[in-house]
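Next come the chains, spelled out residue by residue.
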Amino acid sequence: MAFDTKLMEILACPVCKGKLDYDKAAQELICHFDRLAYSIEKDIPVLLENEAREINANQSTEQDS
């Protein structure tokens, strides 16, 4: 079973409530506004701020919506 991209319509960043982008290669949901990457573990997004990875402004991510 893979991550269901239909969930992207209802998922939001838990910090700013903004749109998340799906990075299929890294299996992460990315909030560009807060510069946070939320992991997807066993096809379940881990939308916890303290579990998120900070991303650099210069760091590019592959976006597959």
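As shown above, the structure is provided for reference.
Note that the structure is predicted; figures quoted are calculated from it, not measured.

1. Brief notes about the nonpolar core
So, step 1. Phe3, Met8, Leu11, Cys13, Leu20, Tyr22, Leu29, Cys31, Leu36, Tyr38, Ile40 and Ala52 form the largest nonpolar core, which has 12 residues in total.
So, step 2. Residue assignment for this core shows that the elements contributing at least two residues are β2 (28–31) and β3 (36–41).
So, step 3. Take this core: its biggest share by element is three residues, from β3.
So, step 4. Sequence-distant contacts of methionine 8, defined by excluding residues within four places in its chain, comprise Phe3, Leu20, Asp21, Tyr22 and Leu29.

2. Quick look at the environment of glutamate 9
So, step 1. Note on placement: glutamate 9 falls in the segment before β1 (21–23).
So, step 2. As a C-alpha pair, glutamate 9 and leucine 20 span 11 residues in sequence and 9.3 Å in three-dimensional space.

3. Overview of the side chain of aspartate 21
So, step 1. Structurally, aspartate 21 is set in strand β1.
So, step 2. The exposure class assigned to aspartate 21 is buried, which follows from its relative accessible area of 11%.
So, step 3. Here the side chain of aspartate 21 touches lysine 19 through a polar contact of 2.6 Å, side chain to side chain.
So, step 4. Of the polar contacts made by the side chain of aspartate 21, one reaches the side chain of histidine 32; its length is 3.0 Å.

Analysis parameters
Residues numbered from 1 in each chain as written. Predicted model: local features only at pLDDT ≥ 70, side-chain atom pairs only at ≥ 80, totals over all residues. Heavy atoms only, no water. Core = buried A, V, L, I, M, F, W, Y, C linked by side-chain atoms within 4.5 Å. Buried < 20%, exposed > 50% of the residue type's maximum accessible area, 1.4 Å probe, protein only. Helix = DSSP H or I, 4+ residues; strand = E, 2+ residues; numbered from the N terminus. Contact = heavy atoms within 4.5 Å. Polar contact = N/O pair within 3.5 Å; in protein donor to acceptor, adjacent residues only side chain to side chain.

Just distances and angles here, no functional claims.
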